[in-house]
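# Report on the structure
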Amino acid sequence: MSHQIVEGLIGLLGEKQVLVGEDAAAYLTDRHGRLRGNAVCVARPGSTEEVAGLVRLARRFGFPVVPQGGNTGLVGGATPDETGNAVVLSTVRLNRIRNVDAQDNTLIAEAGCTLSQVQAAALDADRLFPLSLGSEGSCTIGGNLSTNAGGTQVLHYGNTRALTLGLEVVTADGEIWHGLNGLRKDNTGYSLRDVFIGAEGTLGVVTAATLKLFPRPASQTTAFLSFAGIHAVIGFFDRARAHLGPSLTAFELVSGLLYKLVESNVPEQPLPLPASAAHWYVLLEISGVDGEEQVRERLAALVGPAIERQLVLDAVVADSPAKTGSLWRLRHGALGEAQRRDGPTIKHDIALPVSRIPDFLDAGARRLNEHTPGIRPLVFGHLGDGNLHFNLARAPGQSPEELLRHEEALHEITYDTVHQHGGAISAEHGIGQVKRHVLPRYKDPVALKLMKKIKLALDPEGLFNPGKVL
Ligand code: ZN
């Protein structure tokens, strides 16, 4: 059977675009190398028509299809299961920017375009595509859509869903839904676009999208601040939002423990402020139509009094492009690197009402410490959106193996605490295969039932990405 499938795919795509054996290996494991799967082969269609042809073959032979973009996902959503029955559909060759319209402020990108390619195409037209995340050099827009990715600019611009006007999708019937019209308003029935966004490839294959563009901000100013406690951070966030309005475009949190870890593990990263494990740190960005000088004045008017009142301990403003770059490298590069060099962590991507973050952090730390005395929560994330990356690093003297042995229990304590504080167990990474088994514990049962009905209606034979989400 698998021979026939490979032959069929070669007939459709040509020999070079159907990978087996060694050539396929990189597509069968996730970014961290923790999840490994199997597949009949990896297929790399070069057009939407070829994707549709592949899906029709899947129906004929009954093989599942696992769509994969840049393979940078964090929940195993793009990794096939171990059965080896599936075909991985890599979107790597669907990489054309089809259109940029500076007047309508829209851009049509194929699913396999990297996020940085989309950003660059927008800049070429003197526009901004604001989605921004650590993996933007290799993640693809199709993956961003399928996970409804967030990143560091959600506070003002919204997540991928909010940045999308239309989609082109290959359905389980092997048909193409042409939904790329870039209308800002279209009330002609169900929002199909929103069904496929965030579906993690379980309902159809997104092949292209019409994305929203924005004017380029005349200036961007970045600052780094330290705080004595999380209540002070949230108090300051309220003031910053009131004072800066929509020009506050990023408010990124770093815990003192993690910042201290950057100091010890990533010496090549310059630190803008001295590190203390007891403090909290924030990277703040202001974008706007004002000139740089005016922005600086507004920032000084916000931060000066806050320092006097000791709400803010210390602050630095990046006064050159090099320093701005260094601050963002700290956020996008060094935080992750510091953790990798420390050893494995138990990762959580959680959403909470901002007002409940201090209580959650208190309760979480207490319960996790009761389970594993000395365990180290490394906290960072998009505080303005209530989205924390809450990673647990081993206690002093604990071995990595010992930490990982308790992974399930530590997840449960964390997620139970998130749930009790009105939060969600995934904010921007998705459910994939990693969180699938815990989803029913926290998701509203009626919501789960409706999700299953949608899956059954759009993909009755279960061709798309089996074993993910549901
Ligand atoms: Zn994030």
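To start, this report covers the structure provided alongside it. Just so we're clear, the structure is a prediction, and the values are computed from it rather than from any experiment. (Residues numbered from 1 in each chain as written. Predicted model: local features only at pLDDT ≥ 70, side-chain atom pairs only at ≥ 80, totals over all residues. Heavy atoms only, no water.)

## Quick look at the coordination of the zinc ion
Put simply, the rule is: Each metal's donors are the N, O and S atoms within 2.8 Å of it, or within 3.2 Å when it is Na, K or Ca, and because water is not part of the set, sites may look incomplete. Runs of E in the DSSP output that reach at least two residues are strands. Runs of H or I that reach at least four are helices, and both are numbered from the N terminus. Using a 1.4 Å probe on the protein chains alone, a residue whose accessible area is under 20% of its type maximum counts as buried, one over 50% counts as exposed, and one in between counts as partly exposed.
Summarising the metal site, the zinc ion is bound by the protein donors His382 (NE2), His389 (NE2) and Glu428 (OE), whose distances to it range over 1.8 to 2.2 Å. Along the chain, the residues donating to the zinc ion are arranged with the sequence spacing H-x6-H-x38-E. On the criterion of sequence distance, the pair formed by His382 in strand β18 (residues 376-382) and Glu428 in the loop between α13 (407-420) and α14 (439-442) is long-range, its members being 46 residues apart. You can call His382 buried: its relative accessible area is 3%.

## Focus: the packing of aromatic side chains
What counts, and what does not: When two rings of Phe, Tyr or Trp (its six-membered ring) have centres within 6.5 Å they constitute a pair, described as stacked for plane angles under 30 degrees, edge-to-face for angles over 60, and tilted for the intermediate range.
Per the stated rule, a full pass over the model turns up ten aromatic pairs. On the numbers, 4.9 Å between centres and 70° between planes, the contact of Tyr157 with Phe214 is edge-to-face. Within this pair, whereas Tyr157 is found in helix α5 (residues 154-157), its partner Phe214 is found in strand β11 (residues 214-215), the two being separated by 57 residues in sequence. For Phe214, a relative accessible area of 22% translates into the label partly exposed. A connected cluster of aromatic rings, assembled from ring pairs, spans Phe227, Phe236, Phe237 and Phe251.

## A closer look at the packing of helix α11 (residues 357-371) against α13
To keep it simple, the criterion reads: The angle between two axes is taken between their N-to-C directions and runs from 0 to 180 degrees, where each axis is a line fitted to C-alpha atoms and a helix contributes only its stretch in contact. Throughout this description, any angle smaller than 35 degrees is read as roughly parallel, any larger than 145 degrees as roughly antiparallel, any in the 65 to 115 degree range as roughly perpendicular, and the remainder as oblique. Crossings are classed by handedness, with left-handed meaning an anticlockwise turn of the near helix from the far one by less than a right angle and right-handed meaning a clockwise turn. We call two residues in contact whenever any of their non-hydrogen atoms come within 4.5 Å of each other. Here the term charged refers only to Asp, Glu, Lys and Arg, the term nonpolar to Ala, Val, Leu, Ile, Met, Phe, Trp, Tyr, Cys and Pro, and the term polar to all other amino acids, Gly among them.
Interaxial distance between α11 and α13 falls to 10 Å at its minimum, and their mutual angle equals 155°. Relative to α13, the element α11 is oriented roughly antiparallel. The chirality of how α11 crosses α13 is right-handed. Here Phe360, Ala363, Gly364, Arg367, Leu368 and His371 of α11 come into contact with α13, specifically with Ala409, Leu410, Ile413, Thr414, Thr417, Val418 and Gln420. Of the residues assigned to the contact of α11 with α13, the class counts are seven nonpolar, five polar and one charged.

## Overview of the sheet that holds strand β6 (residues 106-110)
This is how the line gets drawn: Being paired, for any two strands, means DSSP has found at least two bridges between them.
Spatial strand order, β5-β6-β10-β8-β9: five strands in an open sheet with antiparallel pairing. The open sheet terminates on both sides in strands that have one partner only, identified here as β5 (97-101) and β9 (176-179). If you compare each strand with its neighbour and ignore which way they point, the axes differ by 15° on average. For strand β8 (residues 164-170) and β9, the ladder comprises four bridges, and the chain directions are antiparallel. Paired with Leu167 across the two strands is Gly179, which belongs to β9.

## Some words on the sheet that holds strand β4 (residues 87-90)
Strand order in the open sheet formed by four strands is β1-β2-β4-β3, and the pairing between neighbours is mixed. Edge strands, defined here as strands with exactly one partner in the open sheet, are β1 (18-19) and β3 (65-68). In this sheet, strand β2 (residues 41-43) lies alongside β1 in antiparallel orientation, the contact comprising two bridges. Within β2, the position partnered with Leu19 by the bridge is Val42.

## Some thoughts on the packing of helix α8 (residues 256-265) against helix α10 (residues 321-342)
One way to put it is that α8 packs onto α10 with a least axis distance of 9 Å and a crossing angle of 75°. In this view, α8 runs roughly perpendicular relative to α10, as classed from their interaxial angle. Here Leu258, Tyr259, Leu261, Val262 and Asn265 of α8 come into contact with α10, specifically with Leu330, Ala334, Leu335, Ala338, Gln339, Arg341 and Asp342. Grouping the constituent residues of the contact of α8 with α10 by class yields eight nonpolar, two polar and two charged.

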